[in-house]
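If you want the building blocks of each chain, they are given just below.
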Amino acid sequence: MFRSILENNQSWLNDNIINAAQTLLKSKYGTPGLQNTVLAAALQGCIVGGEEFVQVLNSGGNHWLTISTIGCPYSTVNIYDSMCCTLPSTTQKQICALLMT
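Given the structure is predicted, the values throughout are model-derived calculations rather than measurements. (Residues numbered from 1 in each chain as written. Predicted model: local features only at pLDDT ≥ 70, side-chain atom pairs only at ≥ 80, totals over all residues. Heavy atoms only, no water.)

*Asks:* So what about the overall build of the protein chain? Which residues, and what values?
*Replies:* For the protein chain, the helix and strand inventory stands at 4 helices and 3 strands. Listed by position from the N terminus, the elements making up the protein chain come as α-α-α-β-β-β-α. Once local pairs closer than 6 in sequence are excluded, the contacts in the protein chain between residues at least 24 apart make up 31%. Summed over its atoms, the accessible surface of the protein chain is roughly 6400 Å², and 57% of this surface lies on carbon and sulfur atoms. (Helix = DSSP H or I, 4+ residues; strand = E, 2+ residues; numbered from the N terminus. Contact = heavy atoms within 4.5 Å. Areas by Shrake-Rupley, 256 points an atom, 1.4 Å probe, with all protein chains shown as cover.)

*Asks:* Just give me the short version of the nonpolar core, but keep the residues and values in it.
*Replies:* Counting residues in each nonpolar core, the largest one holds 8 residues, listed as Phe-53, Leu-57, Leu-65, Ile-67, Leu-87, Ile-95, Leu-98 and Leu-99. Looking at this core, the elements with two or more residues in it are β2 (64-68) and α4 (89-99). Looking at this core, the element that brings in the most residues is α4, giving 3 residues. (Core = buried A, V, L, I, M, F, W, Y, C linked by side-chain atoms within 4.5 Å. Buried < 20%, exposed > 50% of the residue type's maximum accessible area, 1.4 Å probe, protein only.)

*Asks:* Go over the sheet that holds strand β3 (residues 78-80) with me, naming the residues and quoting the values.
*Replies:* What the 3 strands build is an open sheet, ordered β1-β2-β3; its pairing is antiparallel. Two strands close off the open sheet at either side, each with one partner strand: β1 (54-58) and β3. The mean angle between the axes of side-by-side strands here comes to 25°, regardless of whether they run parallel or antiparallel. Alignment of β2 against β3, held across 3 bridges, turns out to be antiparallel. What sits directly across from Thr-66, in β3, is Tyr-80. Where α4 meets the sheet, its contacts fall on β1, β2 and β3, and the angle it forms with β1 comes to roughly 155°. (Pairing = 2+ DSSP bridges. Axes fitted to C-alpha atoms, helices over the stretch in contact; angles between N-to-C directions.)

*Asks:* Can you lay out unusual backbone geometry for me, pointing to particular residues and giving the numbers?
*Replies:* With a phi close to 50°, Leu-34 is a non-glycine residue in the positive phi region. Of note, Leu-34 is situated in the loop between α2 (15-29) and α3 (37-41).

*Asks:* Tell me about the environment of Thr-31, and please be specific about residues and values.
*Replies:* Following the sequence through the fold, Thr-31 ends up in the loop between α2 and α3. Classification of Thr-31 by relative accessible area gives buried; the value is 17%. Taking C-alpha positions, Thr-31 is 9.5 Å from Gln-55, a pair spaced 24 residues apart along the chain. With residues near it in sequence (within four places) discarded, Thr-31 still touches Leu-25, Lys-26 and Val-54.

*Asks:* How would you explain the pairing of β1 if you had to name every residue and give the values?
*Replies:* Along β1, 4 of the 5 residues are buried, which leaves the element largely enclosed by surrounding structure. Here 5 bridges tie β1 to β2, and the two strands are oriented antiparallel to one another. When the sheet's bridge partners are listed, Asn-58 is paired in β2 with Trp-64.

What is shown is where atoms sit, not what they do.
Structure representation (structure tokens):
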């Protein structure tokens, strides 16, 4: 099902597709983070605190971005966002919760 959505380019990415991709990445590379996007949005996920991690977040509607602390100084996060826009406060709260700040 996911493959046909991606190949036909007729639908937006959703949490099910993102979570499936994160599960594959985590199982293949052991990347820390990559928790369920619904839990991250609800601020109820596994808080990663001081460990380095990668996480995909929904930034509203059909917009997804990736954050990472890998190689960053303490309490610093890299944000990878193709839209280069101002982060909504809800996304900022998700990031702060993950960083435990």
